[in-house]
Each structure stands twice: as structure tokens, then as C-alpha cells.
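Okay, here's what each chain looks like letter by letter:
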Amino acid sequence: MNRIIKVARMQLINKWTFIGIPLLVLACSFLLTLAIWAIVRRAGAEDSVYSGGAQAPMWYFLALGIQALTLTFPFSMAMSVSRRTFYLGTVALFSVCALALSIFYYLMGLVETATSGWGVNGQFFALGWVAENNAVVQIAFYWVLMSLLFMLGFFSATLYMRWRTTGVLLFTISLAVVLLGTVAIITYGDHWPAVGQWLAAWTAGSVTLLGAGLAVVLAGASYLTLRKATA
Amino acid sequence: MSEAPAILTRALSKTYKDVRALDNVNLELPANRIYGLLGRNGAGKTTLMSILTGQNFATEGEAEIFGHTPFEHDPTLSRICFIRESQKYPDDFKASQAFKAAAIFFENWNEELAQDLVRAFNLPVKRRIKKLSRGQLSAVGVIIGMASRAEITFFDEPYLGLDAVARQIFYDRLIEDFAQFPRTIVLSSHLIDEVSNLLEHVIVIDQGRIVINAEAEELQGAAFTVTGNAQKVAQFTAGCKVLHRDALGSLASLTVQGRLSDQQRREAAELGLDLSPVSLQQLVVRSTLNAAADQNGTMEQEARK
Amino acid sequence: MIDDSKPIFLQIAELIENDIISGVLAEESQVPSTNEFAAFYRINPATAAKGINRLVDEGLLYKKRGIGMFVVQGAPEKLRQQRREHFANQFIAPLKAEAAKLGINEDELLAMIKANSPT
């Protein structure tokens, strides 16, 4: 347990990576959005305005997942840390950071609603579809989404660590084939309307559950792959 | 408490696709000594150290550190420090941050020693490791290895890119610190002459096989070179194991295995032959060349069958 | 100072012996510690210890608990005796061999030894 915490401390030596950059990305994206809204209002738009800018730090987590592994894993080996300990420490640290950020999103969403969309009727943190749920679902939704992206990056990086370029390439190609096959089946079977209805039925809660399931699968696969990876 | 050997391997082999990187390696090394792991580039030194430190795994056989398999075993791993020659550091790390991380993980870490070495090597700790020169990069590894004071420390070609002064600093500090805090040190090197006086025990690896595994003192003076008139040299070395032969006209130079007795010295003087000692480096070169020749010989014989 | 001709611990022992004979290390004076020898000659401390222990076994050095190693009273004399026994083998034999090679006969050799005043 002690060494797991040490791994987290190692990852935090450069505080920018796990804490500074996500906050900076979020702040920049938010300020830019506000500026755009101001311009739009000036141009005479009346309806409420939306922004997907809150996603920005989440995509950074995809990169962070890759980075946390490719850069720190070989170094953690030199620090005489087992793969298991490295894995647990890194994933645990990320989960905690992502949870903190999710709670921050929720709180900012409350502020957003209270100030009627930052005074310009905008939706940045409290997107209608998510914000209509209770606090737990909202926080869980953000948390799962961030974790899913992080694990996706982490998993591709473990593939690289274990099987190098061949592994990543094979995985990407197989994934593309599966997606293409699915699209083909839907198209030839004329199932698109049904798929549309099916997608519309998703709620934030069910997306959260599915995402959590996927994240857990990726986490498991990452661990099994990493166990035999070499620096 | 009688403890298991610091390092133990049984029939350890490692195969990469069609390359036999390690071939039936058997070692039993007691703790608190300085070992030399010598051999050419690509002989299998780094592979062996990677397996001993759980960073890699064997294809066959076993490796144990203080009686435990190091692979994924944190209690054992925490007693080891191995910075590889091509060690990667996080991209955004400065040397000072790498030391900070090392201080977190290595329980015996000595910050004073680390700082002292930073000054001795003149290392710019505030610069990103990515931007350091080869020598400075080696210095980072050396400092972590030394200051960790781990029970078993592996130095993997630690002198790469270091100038003569910096290398001497490393060797001097190593002796000094080892004298105060005895521990097991494995020094991997192909610059044998530089380190030979530091070693208590020598392991020479060639094409994945152990070709020499002996106490340093058994190897010092264990061979000599006789130079002079070819006929007289032949007479003097009759019945000896010849490691190497050079000829220049009627002049011959033979490297022979064995220790010189006073009787032999007198005899050589009477015959007008020159005797010179063989350094560990030369001995290793001769042994590895002979091992390679023997192997090729057997392969040719097998091919003929 | 240290070469490849024989095990280093033997060379260390000989170096200390030389210092005892020449008086650099006087009788009853303290000998540098193992670690000091190791650092000075850049050799493994265990090797230095082995060299020193050899001299203890030969009765040339003795140990004072908690203080260190000291030169035994009478050690220089003992060493001189030993060296004298080896002198003929080590120096005279090669000298005569070389003289013979150059065609210098015994009388000439003796004359040369007498004429060569030590500097």
C-alpha cells in the first residue's frame, strides 16, 4: 500500500501534468467560450447558447493516459516498482484527480444555473441533458467519462509497451474493422431509424453505466497487458 | 541470520525470437562484494541484469535475489537499484526531479551524497533530462545508483560519455562509499582495465554464456606473454595452454595460461625471453575470442556430420 | 604502482613491507586503515584488507582493538632477513645472465659493481 502511494507521489512530482494543465485547459476553454458568447449576443442572437468546451480537459486525459504510461513506466521500473504497484498507484491517482474535477464541474454547473448562464444564458458546465439529473448522476457521469478516456489512452499505451508499434497497429485495424462491419450491417439491414430511436433513449445515467463498464474492461485489459510489458 | 545469496540463477536462459541472449547461466553470488560483469556489447549483460531486477523475465530457468524471485515482488525489488544505460526518464523531468523520485522510493537514499555528487559531476540539475548530454545523462544514473545505497546496485556501463576526470570521480566515490556502507555492487563494463582493480569477483559473459566466473585474484597474473626467438619461445612454452599466438618473422609472442614460478623466470632470463603480465582486459579478450572460436569449431563439426 | 603481474593483495602486502623496511612505517607506528589504502591505491577495500591481514599472519603487523594496525617491534629486521634470502635469486641470477649475454666475465662484473658508487 505504502509503495502505491509512493507511485502517486512520483506522478505528482511534476504537478503541472496531473493538476496544472487540466485546469489551465479548462480555464482557457471557458474564457474563450465566454468571449464567443459575448460576440454572439452582440450580433443579436436571442436563444440560449451551448458550448462543448467543458470536454476539452477530458480529451487531455486521453493524452495523459498515454503519457502517464509511456514516460513514467520505464522510469518506475528503474525506481524498482513492480508493474502492479505502478498500475495501481497511477490509476488510483488519476481517479482521485478526475473525481475532484467532476465535483468541480458539478459545483460550477450550480453556479452557472444560479447566474442564469453567466448572465448570457449560456450552458458550459450544466448541459441540459446532464444537468437535469441529481448530483450523484452528474458527478458520476463526468467522472466515468474522464476515466474512460484516460483508460483508453492508458490501454493503447500498454499495448505499445508490450508489443510496440505492431500491437497498436493491429488493435487499431481490428477496431476499425469491427466498427465498419457494424455500420455495414446496420446500413444493409436498413436499421438506421431503429438505431436512431435506440440512441435517443439513452439517458445520462445509462451512458454512465455503460461507460463505467467499458472503463472497467479497459482497466482489466491494461493490467493484464502491462503485467508482462518490458521497459 | 544466514541469508540466501544476493544473486542466484539456475539454468537461466532468454530467447528473443531466434536470438539466444542468455544461455544456461548459473551464478551464485554472496552479498556485500563488488562484482564485475564484463563482456562485449550485446553479450547479454543488460539482459541478465534486467531479469535479475524483475524488469524482464526469463524464457527458462530461475533467478533469485536474496532467495526470492524478483519479478513483481515489491519487497525484493525495493532492495535493488538498476538504472539501465539507456534509461528513459519522464519527458518533463529535470535531474532534480528524478532525484526527488528516487528519494521517495529508495529507503536508504542519502541526499547529502547525491548533492555531493551533483557538485562533483557539475550536473545542471535544473535542466530537463531530455536536454542533457550523454555524459550528464550517465551522471544522473550514477548519482541515483550511488545515493540509493540499495542492498544490490547494478551499474550498467555507467561511464558512457563521461570524461576521464568524471570517471575517476565515480570510481573513487564508489570505493569510498562502499568502504563505509558495504553492499552488493554489480558493475557492468566493457572498459575492463579501468575497473579491474575495484573488483573482487569477475564474471565474463560472451554470446549469452558465462565464460569466466572467478575471483579477481585468481585472474591477476593467471596468464603471461612470452616474447622472443620463436624456437626458444616454443621450447619455453612446451606443454602450456596457449591463449594467443602472434608472430613477426622469427619473433614469436605467445600468451600462455598459468602462473610464473621463480624457476620459470630464471629459465626465461637464460633463454633471453621477455616476460610480460597479461591484464584482465587482455585475458577477457583472449578468453572470449577462444570461446567464440571453440563454438564455431563445434558448429562446423556438427555441420559436417 | 599496481600492475597486472600478480594478485593485488600481494602487491599491497609488498608495498607495505617496502615501507616497513625503508622506515617510512616505523616500528610500533600505526599503519593506514584498510579504507585509506583502498582509496589511495583505488582498489577494492576487501582486497586491501586481505593484503594487510597477510602481514598480520606473518607477524609483521598487529591489531590494537578499536584503534587499528601497528608495525610489530622487530618487523624491519625480520623482513630484511627474508629479503636477503631472496636477493640472490631475484637480482644476482638475472645480473649474471645478462652479463654472460654481453660477454662480461666475472672479474669484470665485480669491478663494475665496485666502481658503480651508489648515488
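Keep in mind the model is a prediction, meaning the values are calculated, not measured.

Conventions and cut-offs
- Residues numbered from 1 in each chain as written.
- Chains lettered and ligands numbered in written order.
- Predicted model: local features only at pLDDT ≥ 70, side-chain atom pairs only at ≥ 80, totals over all residues.
- Heavy atoms only, no water.
- Helix = DSSP H or I, 4+ residues; strand = E, 2+ residues; numbered from the N terminus.
- Rg over C-alpha atoms; globule rule 2.2 N^0.38 Å.
- Buried < 20%, exposed > 50% of the residue type's maximum accessible area, 1.4 Å probe, protein only.
- Contact = heavy atoms within 4.5 Å.
- Areas by Shrake-Rupley, 256 points an atom, 1.4 Å probe, with all protein chains shown as cover.
- Domains from an automatic or database assignment.
- Buried area = accessible area lost by both parts, 1.4 Å probe.
- Salt bridge = Lys/Arg side-chain N within 4 Å of Asp/Glu carboxyl O.
- Polar contact = N/O pair within 3.5 Å; in protein donor to acceptor, adjacent residues only side chain to side chain.
- Nonpolar A, V, L, I, M, F, W, Y, C, P; charged D, E, K, R; others polar.

With that settled, consider the overall build of chain C. Check the secondary structure of chain C and you find five helices and three strands. Moving toward the C terminus, one meets the helices and strands of chain C in the order α-β-α-α-β-β-α-α. Taking 2.2 N^0.38 as the reference for a compact globule, 119 residues should give roughly 14 Å; the C-alpha atoms of chain C span a radius of gyration of 18 Å, well beyond that estimate. Buried positions account for 29% of the 119 residues belonging to chain C. Of the contacts formed within chain C by residues at least 6 apart in sequence, a portion of 50% connects residues at least 24 apart. Only carbon and sulfur atoms are counted for the fraction: they give 55% of the accessible area of chain C, which is about 7,500 Å².

All right, on to the domain arrangement of chain C then. Residues and elements named next belong to chain C. Here chain C is partitioned into domain 1 (8-73) and domain 2 (76-115). Computed from C-alpha coordinates alone, the two centres of domain 1 and domain 2 are separated by 29 Å. Facing the 10 residues of domain 1 at the interface are five residues of domain 2. Here domain 1 and domain 2 share an interface that buries about 730 Å² over both sides, 60% of which is from carbon and sulfur atoms. Of all residues in domain 1, Ile-20, Ile-21 and Leu-60 bury the most surface against domain 2, accounting for 57% of the area lost on that side. The partner of Glu-17 in a salt bridge is Arg-83, and the shortest N-O contact between them spans 3.0 Å. Summed over the shared surface of domain 1 and domain 2, the number is three residue pairs in polar contact (both at pLDDT 80 or more). Among the residues making up the side of domain 1 that touches domain 2, the classes are represented as four nonpolar, two polar and four charged.

All right, on to the interface of chain A and chain B then. Across the boundary between the two partners, chain A contributes 27 residues, which contact 30 residues of chain B. Of the roughly 2,700 Å² buried at the junction of chain A and chain B (both faces included), carbon and sulfur atoms supply 58%. Sorting the residues of chain A by area buried against chain B places Ile-13, Phe-75 and Met-79 of chain A first, and these three jointly supply 24% of that buried surface. The interface formed by chain A and chain B contains four salt bridges. Where Asp-74 of chain B meets Arg-3 of chain A, a salt bridge forms, and the shortest distance between an N and an O atom there is 3.1 Å. Run the count over chain A and chain B and you get 14 residue pairs in polar contact (both at pLDDT 80 or more). If you list the elements that add at least two residues to the side of chain A that touches chain B, you get helix 1 (2-11), helix 4 (72-78) and helix 5 (83-114) of chain A. Counted by class, the side of chain A that touches chain B contains 12 nonpolar, eight polar and seven charged residues.

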